[in-house]
Amino acid sequence: LGQTDRQPVVKAGRLDSRLRLVRCDVPLEAFSPRGGRTVGNVSVGIRCLGPKPWTLFVATYVSLPGDVLVANRFLARGELVTRDDVRLEERDLARLQSGYVSDLKDAVGKRVKRALRVGRILTPRSLAEPKLVKRGKRVTLVLNANGLEIRAVGEALRDGARGDIVQVKNLFITTKTKIVFFL
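Residues numbered from 1 in each chain as written. Predicted model: local features only at pLDDT ≥ 70, side-chain atom pairs only at ≥ 80, totals over all residues. Heavy atoms only, no water.

Visitor: For this particular structure, what's the right way to read the pattern of salt bridges?
Guide: Per the stated rule, a full pass over the model turns up 13 salt bridges. Between arginine 6 and glutamate 90 there is a salt bridge; the shortest N-O distance is 3.1 Å. Placement of arginine 6 in the segment before β1 (9-12) and of glutamate 90 in strand β6 (residues 86-92) is noted, with a sequence separation of 84 residues between them. Overall, glutamate 90 belongs to the partly exposed group, its relative accessible area being 48%. Among the ionic pairs, arginine 95 bridges to aspartate 92, the shortest N-O distance being 3.5 Å. With relative accessibility at 59%, the residue arginine 95 sits in the exposed group. The class of aspartate 92 is buried, set by a relative accessible area of 17%. (Salt bridge = Lys/Arg side-chain N within 4 Å of Asp/Glu carboxyl O. Helix = DSSP H or I, 4+ residues; strand = E, 2+ residues; numbered from the N terminus. Buried < 20%, exposed > 50% of the residue type's maximum accessible area, 1.4 Å probe, protein only.)

Written as structure tokens, this is what we have:
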């Protein structure tokens, strides 16, 4: 679930008072059912492998405390997150099904996708890379091949962030221009 230096906290539910089990002559064995979760609401199996074996399941809640980034102030949609906009708070990581951000480098400089109230947890889905290229803006096209570099002016056909592939209209080459290279 993420990095934390804290120990999980386990709270077992109550056993049914009508339950009548034979005393076990050997130490009890605890186990996790196959495919079971490890945090949050979990079922823990307890079994006796003695001469009169039995198995029962106990409803349990396993919390995992850890630090996550929360909004220090109201963050409007589209704002860029700064170091002063967030703070670390301890939360139960087991309850954070949508994920969380716990490192400043994963939040600072990112754009807020939707408004966040004070105290709201920053999630990977609530942040986006800032737009570095705006639709209609001039950009430089660079082609490097075998020690040859060709540069041309282009126009971005849509907005784009780091890692995006943005279509660009080449403003240097028109349909009537013919370029011939002799090497």
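Visitor: How do you make sense of the state of the cysteines when you look at a structure like this?
Guide: The term disulfide refers to a covalent linkage connecting the sulfur atoms of a pair of cysteines. The final tally for this structure, using the stated rule, is one disulfide. The residue that forms a disulfide with cysteine 24 is cysteine 48, at a sulfur-sulfur distance of 2.1 Å. Judged by the torsion about the S-S bond (85°), the cysteine 24/cysteine 48 disulfide is right-handed. Of the two residues, cysteine 24 is situated in the loop between β1 and β2 (29-31) and cysteine 48 in strand β3 (residues 40-48); the sequence distance between them amounts to 24 residues. (Disulfide = S-S within 2.5 Å.)

Visitor: Before we go on, may I ask you to explain the layout of surface pockets in this structure?
Guide: Empty space left among the atoms is revealed by rolling a probe the size of a water molecule over them. Approximately 250 Å³ is the volume attributed to the largest pocket. As for the largest pocket, its lining consists of 13 residues, and the residues nearest its centre are Leu116, Arg120, Ile121, Thr123 and Ser126. Within the lining of the largest pocket, the residues separate by chemical class into four nonpolar, five polar and four charged. (1 Å grid on protein atoms, 1.4 Å probe; cavity = no way out; pocket = protein on both sides within 12 Å on 5 of 7 lines; lining within 4 Å. Points joined across faces, edges and corners; volume = space filled by probe spheres on them. Nonpolar A, V, L, I, M, F, W, Y, C, P; charged D, E, K, R; others polar.)

Visitor: What is the right way to read the sheet that holds strand β10 (residues 138-145) from this model?
Guide: Pairing between the strands of a sheet comes from backbone hydrogen bonds, and it takes one of two forms, parallel or antiparallel. Sheet architecture is open: three strands sit in the order β10-β11-β13, paired in antiparallel fashion. Among the strands making up the open sheet, the edge pair consists of β10 and β13 (168-170). For this sheet, the mean angle separating the axes of adjacent strands, direction not counted, is 45°. Pairing analysis gives three bridges linking strand β11 (residues 148-156) to β13, with the strands arranged antiparallel. (Pairing = 2+ DSSP bridges. Axes fitted to C-alpha atoms, helices over the stretch in contact; angles between N-to-C directions.)

Visitor: Sorry if this is basic, but what is going on with the side chain of threonine 123 here?
Guide: Tracing the backbone shows threonine 123 in the loop between β7 (111-112) and β8 (127-128). Residue class for threonine 123 comes out buried when judged on its relative accessible area of 13%.

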